[in-house]
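Reading the structure
Spelled out from the first residue to the last, the chains are:
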Amino acid sequence: IMGRAGISSNLMSLGGLAFSVGIVVDASIVIVENMRRHFSERRDAGLRRHIAIEAVSEVARPVAFAVLIIVIVMIPLFSLQGIEGKMFAPLAATMIIAILVSLVTALTFVPVASEWLLRQAPEKEFRIIKALHNGYLALLGGARRARWATLSLSVAVLVLAGFAATKIGTEFIPNLDEGAIAINVVRLPNASLDGSASVSAFMERRLRERFPEVTAVISKTGRAEISEDPMGPEQTDVLIMLKPRKQWTSAKTKPELVAAMQRELGVIPGIRLSFSQPIALRVNELISGVKSDLAVKFFGEDIAQLKQFADQEASVLGGIRGANDARVEQVSGMEQIEITLDRPAMARYGISVADVNETIETALAGTEATRVVEGQRRIAVVVRFPAEARADLDAVGQIIFIGAGGERVPLSKIATIATVEGPG
């Protein structure tokens, strides 16, 4: 049925089957129990088929009614939108399929199998079951005798529950404790890989030394572009594995432990910390591309103006009660060398823009000159300035171009070279 309905086998759809394991047997249990009781009370083997039909007919309606109530409870899940709808609609669909099929099975196959397999033996009842049964009958009889009081009490409880529901917060997906902490560490966009690795090692060592609750710390810097969420070397995910809660000594609750870690690591300059959980961090990234529970996005062409709006929004959101760790995504701060060509000066020397661009690209970005073959490996040989020269504006300005008259013209005479802050 799942295949015909286009429902794939995934975590939530199969989770619906797991949740319904205890429900799908209820109808069959009631029918088998009732048939067993009828067979023990009426020993006529010739009427066995009629006894079975009477036993099933006696409980078919209440069993179907009970099962359909559970199905009706699942139907509102199909009205969910966004990520909640994507997650829980398959769960509701598979649960409804399993429950309805279990009802059909209980009314068709189970009675036939019970007629063949059940023996006509006397019923035996445990004392505790008998006591519970008698207590239930007494309670049921009292409720039926005082039916108006029972209805009034039920309505009062319903109204009270509805009033209480308006006073509590609403969160469809609760914040589940994964038993671990994830820290997203963001540095300036021009941070080097070596610097990120040294800071990560320092954080790992500090967390292990200061917090006995920590069993292991793993850092992951950067992520490849083939991933769903690539990261540069300026970003690091720190995963912290924790001991069981009863062995904690630095804090009693997880928020207290997170606050203590934030104070401990907050002394490190040049970093921004965002605390979450490993699975929650990945899910938030997949949903919005942002490592947080809630995100506000601005779209436009002027990144400076967008950054200004984002800073204003962060100051407003940070003042809302319940908001914690309101931050602006790192969108700027990448140092770039900006070379602005002086076209009149280039025209005086007879130097073309194409020659200048090609030379600058070779000096700073690099140009592949050839390839070296070593067995099955092919390694590109790139020609460019060494790293220290590429970062030195004076060295870049000394790149020589040959004018139309044979004069040697440095780049600094035909262009303005400056270090500017660009988008991250």
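Look up a bit, the structure's there.
A short tour of the structure in this document, coming up. Note that the structure is a prediction, hence the values are computed from the model and not measured. (Residues numbered from 1 in each chain as written. Predicted model: local features only at pLDDT ≥ 70, side-chain atom pairs only at ≥ 80, totals over all residues. Heavy atoms only, no water.)

1. With respect to the pairing of strand S7 (residues 377–383)
The cut-off we apply is this: Two strands are counted as paired when DSSP detects at least two bridges linking them. Secondary structure elements follow DSSP: runs of H or I no shorter than four residues count as helices, runs of E no shorter than two count as strands, and numbering proceeds from the N terminus.
Direction of pairing for strand S6 (residues 367–374) relative to S7: antiparallel, over a ladder of seven bridges. From the neighbouring strand, Val-372 faces S7, where its bridge partner is Ile-379. The hairpin turn running from S6 into S7, its antiparallel successor, is two residues long, and Gly-375 in that turn takes a positive phi close to 65 degrees.

2. Digging into a nonpolar patch on the surface
Quick note on the threshold: Think of a patch as exposed residues, more than 30% relative accessible area, with no salt bridge, where like charges cluster within 9 Å and nonpolar side chains (Val, Leu, Ile, Met, Phe, Trp, Tyr) cluster within 5 Å. The Shrake-Rupley method, run with a 1.4 Å probe, gives the accessible areas here. Residue values count only the displayed protein chains as cover. A side-chain nitrogen of Lys or Arg and a carboxyl oxygen of Asp or Glu constitute a salt bridge if their distance falls within 4 Å.
Side chains of Phe-126, Ile-128, Ile-129 and Leu-132 sit close together on the surface and give an oily, nonpolar patch of about 460 Å² of accessible area. Looking at the element boundaries, Ile-128 is found in helix H8 (residues 127–145).

3. A closer look at the sheet that holds strand S1 (residues 180–186)
Inclusion rule: Orientation is described by axes fitted as lines to C-alpha atoms, over the contacting stretch for helices, and by angles from 0 to 180 degrees between their N-to-C directions.
Pairing in this open sheet of four strands is antiparallel, and the strands run S2-S3-S1-S4 from one edge to the other. The sheet is open, and its two edges are formed by strand S2 (214–223) and strand S4 (272–276), each paired on a single side. With direction set aside, neighbouring strand axes in the sheet form an average angle of 20 degrees. Summarising the sheet, S1 and strand S3 (residues 231–242) pair through seven bridges and their orientation is antiparallel.

4. What to know about helix H2 (residues 11–19)
Put simply, the test is: For each residue, the accessible area found with a 1.4 Å probe, counting protein chains only, is set against the maximum for its type, and the residue is called buried under 20%, exposed over 50%, and partly exposed in between. The directions considered for the arc run from the helix axis to the C-beta atoms. Identification of polar contacts relies on pairs of N or O atoms within 3.5 Å, with a donor-acceptor requirement for protein atoms, meaning one able to donate a hydrogen and the other able to accept it, and with residues adjacent in sequence counted only if both atoms are side-chain atoms.
Those residues of H2 that fall on the buried side of the exposure criterion are Met-12, Ser-13, Gly-15 and Gly-16. For H2, the angular spread of buried residues about the axis comes to 160 degrees, placing them on one side. Opposite the buried face of H2, by more than 90 degrees, sit the exposed residues Leu-11 and Ala-18. At the N-terminal boundary of H2, the capping side chain belongs to Asn-10, with an oxygen 3.0 Å from the backbone nitrogen of Met-12.

5. Here we look at the packing of aromatic side chains
For the record, the criterion: Stacked, tilted and edge-to-face are the three classes applied to pairs of Phe, Tyr and Trp rings, where Trp contributes its six-membered ring and a pair requires centres within 6.5 Å; stacked means planes under 30 degrees apart, edge-to-face means over 60, and tilted covers the rest. Definition used: whenever NZ (Lys) or CZ (Arg) falls within 6 Å of the ring centre and also within 35 degrees of the ring normal, the charge is taken to sit over that ring.
Tallied over the full model, the rule gives one aromatic pair. Centre to centre, the rings of Phe-298 and Phe-309 are 6.3 Å apart; their planes meet at 40 degrees, and the pair counts as tilted. Of this pair, Phe-298 sits in the loop between helix H12 (278–288) and helix H13 (303–318) while Phe-309 sits in helix H13, and the two are 11 residues apart along the sequence. Relative accessible area serves as the criterion here: at 34%, Phe-309 is assigned to the partly exposed category. Above the plane of the ring of Phe-39 lies Arg-48, whose end atom (NZ or CZ) is 4.1 Å from the centre. Cation over ring: Arg-245 sits above Trp-248, and NZ or CZ is 4.5 Å from the ring centre.

6. Re the side chain of Ser-20
What counts here: Any two residues whose heavy atoms approach within 4.5 Å at even a single point are treated as in contact.
Within the fold, Ser-20 resides in the loop between H2 and helix H3 (21–24). Look past the residues within four positions of Ser-20 in its chain and what remains in contact with it is Met-95 and Ala-98.

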